[in-house]
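Topology and contacts: notes
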Amino acid sequence: MRTPVVLVPGDGIGPSISSSVVRILDAAGAEIDWQLHHAGAETLASHGDTLPDETLQAIRDIGIALKGPITTPVGKGFQSVNVRLRKALTLYANLRPVESLPSVLTCHTEIDLVVVRENTEGLYSGIEHEVVPGVVESIKIMTRTACERICRFAFEYARKRGRKKVTAVHKANIMKLADGLFLDCFHEVAEDFPEIEANDSIVDAACMRLVMNPHQFDVVVMENLYGDILSDLCAGLVGGLGVTPGANIGDGVAVFEAVHGSAPDIAGRNLANPTALLCSGVLMLRHLGKDEVADRVMNAIRKTLSDGVTTGDLGGKASTTEYTEAVVARL
């Protein structure tokens, strides 16, 4: 039985790498019924909006989407499509697995950790005002509901994927009420998962520990701002955003995406690296329970990279098409 998935190609290199991912997943036997919809800067001219209602409704109805990189038009009045999607669909959990890949040179090897970021509140609530001229106040919102929800998501993900430890990252030594609430919720939720080790780390110490020895971490969970920063830090440990998948997940709906930019300077030149979006596709397959196909695709990616078939951003000479066909040949 084929599974419907909304495909949002995006802007810039988005259509190219989306086509690559569709080609590979179809060849792998994923049995996906792709439903094409559009969003982004290039959609503004044709639909009058960067996130058309029909695209949003399709994702809401089907519950699963794979989205390429999207450009937010420069100028006032245009909110990020990613932010609009998260708010409209209550995609409260940002999931960023971080895994070492062959032939990608980094300071550390054999990294395998997962960053779970709360998506809906914290300082990213955007509640700011000027108290007096020259003095601005930015308010950090933390609620028990959101704190418990993201912590439970992290532990449930760890249990489902056979992970052994979940670490809460916080600054409760300074923000005793806000981050203190998050930390309290974390340890309360941890009691429901006795088979999983639970510990916590102050955010600045966690950054140092991640750089020095990332292997000591398994699943890390944190509020919005820390998650935005640490997810990119962790991506840097394995080669950057070009090889890192991402997902935004809520109750009954999930959007899997490339977390890098739309790279308009190389759009249409057959140079883009589809690995990040392809790995997001693998993450989507696992979410759908298609683990066997996900393993097949991931093994093909690893074999392709091990054989030295890489795009320019990873030091190779393969075009997008050549890389795509190389992965297909190794399925």
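My aim in this report is to walk through the structure given alongside it, one point at a time. (Residues numbered from 1 in each chain as written. Predicted model: local features only at pLDDT ≥ 70, side-chain atom pairs only at ≥ 80, totals over all residues. Heavy atoms only, no water.)

A complete count under the given rule lists three aromatic pairs for this structure. Where phenylalanine 155 meets phenylalanine 186, the ring centres are 5.3 Å apart and the plane angle is 35 degrees; that geometry is what we call tilted. In this pair, phenylalanine 155 is assigned in helix H5 (residues 144-160) and phenylalanine 186 in helix H6 (residues 178-190), connecting sequence segments 31 residues apart. As far as the burial class goes, phenylalanine 155 and phenylalanine 186 line up, both buried. With a centroid separation of 5.2 Å and 20 degrees between ring planes, the pair formed by phenylalanine 155 and phenylalanine 193 is classed as stacked. One end of the pair, phenylalanine 155, is in helix H5; the other, phenylalanine 193, is in the loop between H6 and strand S9 (197-202), and 38 residues separate them in sequence. For phenylalanine 155, a relative accessible area of 0% puts it in the buried group. Classification of phenylalanine 193 as buried rests on a relative accessible area of 2%. An aromatic cluster of three or more residues is present, and its members are Phe155, Phe186 and Phe193. (Phe/Tyr/Trp six-rings, centres within 6.5 Å; stacked < 30°, edge-to-face > 60°. Helix = DSSP H or I, 4+ residues; strand = E, 2+ residues; numbered from the N terminus. Buried < 20%, exposed > 50% of the residue type's maximum accessible area, 1.4 Å probe, protein only.)

Applying the stated criterion across every chain, the model contains 22 salt bridges. Across the pair glutamate 325 and arginine 23 runs a salt bridge, and its minimum N-O distance is 2.9 Å. With glutamate 325 in helix H11 (residues 320-329) and arginine 23 in helix H1 (residues 14-27), this residue pair connects regions lying 302 residues apart in the sequence. Aspartate 204 serves as the salt-bridge partner of lysine 171, at 3.1 Å between the closest nitrogen and oxygen. Of this pair, lysine 171 sits in the loop between strand S8 (165-170) and H6 while aspartate 204 sits in helix H7 (residues 203-212); the two residues are 33 residues apart in sequence, bridging distant segments of the chain. One salt-bridge network, in which partners are shared between bridges, spans Arg161, Arg286, Asp291 and Asp295. (Salt bridge = Lys/Arg side-chain N within 4 Å of Asp/Glu carboxyl O.)

With that settled, consider the environment of alanine 30. As for its position among the elements, alanine 30 is in the loop between H1 and strand S2 (32-36). Looking at alanine 30, the relative accessible area reads 1%, which means it is buried. On a C-alpha basis, the gap between alanine 30 and alanine 318 in space is 25 Å, while along the polypeptide they are 288 residues apart. Setting aside chain neighbours within four positions, we find alanine 30 in contact with Leu25, Leu285, Lys290 and Val293. (Contact = heavy atoms within 4.5 Å.)

Attention now moves to the pairing of strand S12 (residues 254-258). Taking burial as the measure, the five residues of S12 include five buried ones, the bulk of the element. Sheet topology note: the strand S3 (residues 64-67)/S12 ladder contains four bridges and is parallel. Looking at S12, one finds that isoleucine 64 is bridged to alanine 254. Where strand S11 (residues 245-249) and S12 come together, five bridges link them in antiparallel fashion. Paired with glycine 246 across the two strands is glutamate 257, which belongs to S12. Hairpin connection, S11 to S12: the antiparallel pair is bridged by four residues, and glycine 252 has positive phi, about 85 degrees. (Pairing = 2+ DSSP bridges.)

Right, let's talk about the nonpolar core for a bit. Among the nonpolar cores identified, the biggest contains 88 residues, and Leu25 and Val297 are the most heavily contacted of them. Every residue in contact with valine 297, bar those within four places of it in the chain, is listed here: Ile24, Leu25, Ala28, Leu278, Val282, Leu285 and Leu331. (Core = buried A, V, L, I, M, F, W, Y, C linked by side-chain atoms within 4.5 Å.)

So, on to the environment of valine 116. Summarising the element assignment, valine 116 is placed in strand S5 (residues 112-118). Overall, the relative accessible area of 0% leaves valine 116 in the buried class. On a C-alpha basis, the gap between valine 116 and glycine 240 in space is 17 Å, while along the polypeptide they are 124 residues apart. Apart from residues lying up to four places away in sequence, valine 116 is in contact with Asn94, Leu95, Ile150, Phe153, Ala154, Val219, Val220, Val221 and Met222.

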